[in-house]
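Here's the letter readout for the chains.
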Amino acid sequence: MAEKTLVIYKPDAIQRNIVGEITIRFQDRGLKLVAAKMGWYPVEFWEEFYAEHKGKEFYVRLVNYMSSGPVFVTVWAGENSIAIARQLAGATDPMEAVPGTIRGNYGLGLPMNTVHCCDSEEAAEREIPMFFKDEEIFEW
Ligand code: CMP
C-alpha cells in the first residue's frame, strides 16, 4: 500500500463541528481515506502518545487538552502522504500557519491547533498502531 499517515482531528475540531471541512482538504488533495474512528482517550493514553514532549512546559496542558473530549482519528494513504498532510495542516502554531492551511484557517492557538499529523515515516509506524489494528485499515 502507498505511504500512510495518521491525522487526528483534535477536540477543538470536534467541538466546532468542522470534521467535514477538514476531511475535504485531504480528499481534494488526492489522499485516500483508509481508516477512521471516533474515540475519547484517557490522559494516560496521550502521555504515551506524546512521550517525546514529556518534561516540556506545555506537556501537561497538551495531554489534558487531548483527553478533554473525543477526537476523530483517520489514516490517509497516497504517495508522499506524510509530507502532503503536513503541508495541508500548516505550521504547528496557528499564529504562524499560513491562511488557507487547516491550522491557518481554524487553529485556535496552542495546544488547540485542530489537527495532528505524523511528522515522519517512523512516527507513522509508531502512531498508527496505537489506534488501529491492521484489519481496521482498508486497502481499496
Ligand atoms: P502536534 O502536531 O499534535 O504535536 C505536539 C503538540 O503539542 C502540538 O501539535 C501542539 O498541540 C502542542 N504544542 C506544541 N508546542 C506547544 C506550545 N508551545 N504550547 C502549547 N502546546 C504546544
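The sections below set out a description of the structure shown in this document.

When you tally the buried positions in strand S3 (residues 71-77), you get seven out of seven residues, the bulk of the element. Direction of pairing for strand S1 (residues 4-9) relative to S3: antiparallel, over a ladder of six bridges. When the bridges of S3 are listed, Ile-8 appears paired with Val-73. Strand direction decides the pairing type here: strand S2 (residues 32-39) and S3, joined by seven bridges, are antiparallel. Within S3, the residue paired with Met-38 across the bridge is Phe-72.

In this section: the site of the ligand. Lining the immediate surroundings of the ligand are Lys-10, Tyr-50, His-53, Phe-58, Arg-61, Leu-62, Thr-92, Arg-103, Leu-110, Pro-111, Asn-113 and His-116. One of the backbone N or O atoms of Pro-111 is found 2.9 Å from an oxygen atom in the ligand. Within the complex, the protein chains bury 82% of what would otherwise be the 460 Å² of accessible surface of the ligand. The residue makeup of the shell around the ligand, split by class, is five nonpolar, four polar and three charged.

Overall, antiparallel pairing links the four strands, which are arranged S2-S3-S1-S4 in an open sheet. Strand pairing shows two members of the sheet lacking a second neighbour, S2 and strand S4 (115-117), which therefore form its edges. On average, each strand axis in the sheet is inclined to that of its neighbour by 20 degrees, with strand direction left out of account. Relative to S1, helix H5 (residues 81-89) is tilted by about 30 degrees, and along the sheet it contacts S1, S3 and S4.

All right, on to the nonpolar core then. With 27 residues, the main nonpolar core has Leu-6, Ile-8, Trp-46, Phe-49 and Phe-131 as its most contacted residues. Looking at this core, the elements with two or more residues in it are S1, S2, helix H3 (43-49), helix H4 (59-66), S3 and helix H7 (121-131). When sequence neighbours within four positions are dropped, the list of residues in contact with Leu-6 reads Phe-49, Val-73, Thr-74, Val-75, His-116, Cys-117, Cys-118, Glu-127, Ile-128, Phe-131 and Phe-132. Counting residues in each nonpolar core, the second largest holds 18 residues, with Ala-13, Ala-89, Val-115 and Cys-117 among its members.

A contiguous patch of negative charge, built from Glu-52, Asp-119, Glu-121, Glu-122 and Glu-125, is present on the exposed surface. Following the sequence through the fold, Asp-119 ends up in the loop between S4 and H7.

Moving on, we come to the side chain of Thr-74. Turning to its location among the elements, Thr-74 is positioned in strand S3. Reaching out from Thr-74, the side chain makes a polar contact with the backbone oxygen of Val-7 at a distance of 2.8 Å. A polar side-chain atom of Thr-74 sits 3.0 Å from a polar atom in the side chain of Trp-76. Thr-74 has contacts with Thr-5, Leu-6, Val-7, Tyr-9, Leu-33, Ala-35 and Ala-36, leaving out every residue within four places of it along the chain.

Parameters at a glance
Residues numbered from 1 in each chain as written. Predicted model: local features only at pLDDT ≥ 70, side-chain atom pairs only at ≥ 80, totals over all residues. Heavy atoms only, no water. Buried < 20%, exposed > 50% of the residue type's maximum accessible area, 1.4 Å probe, protein only. Helix = DSSP H or I, 4+ residues; strand = E, 2+ residues; numbered from the N terminus. Pairing = 2+ DSSP bridges. Near = heavy atom within 4 Å. Polar contact = N/O pair within 3.5 Å; in protein donor to acceptor, adjacent residues only side chain to side chain. Areas by Shrake-Rupley, 256 points an atom, 1.4 Å probe, with all protein chains shown as cover. Nonpolar A, V, L, I, M, F, W, Y, C, P; charged D, E, K, R; others polar. Axes fitted to C-alpha atoms, helices over the stretch in contact; angles between N-to-C directions. Contact = heavy atoms within 4.5 Å. Core = buried A, V, L, I, M, F, W, Y, C linked by side-chain atoms within 4.5 Å. Patch = residues over 30% accessible without salt bridge, like charges linked within 9 Å, V, L, I, M, F, W, Y side chains within 5 Å. Salt bridge = Lys/Arg side-chain N within 4 Å of Asp/Glu carboxyl O. Lys, Arg positive; Asp, Glu negative; His and termini not counted. Charge placed at Lys NZ, Arg CZ, Asp CG, Glu CD.

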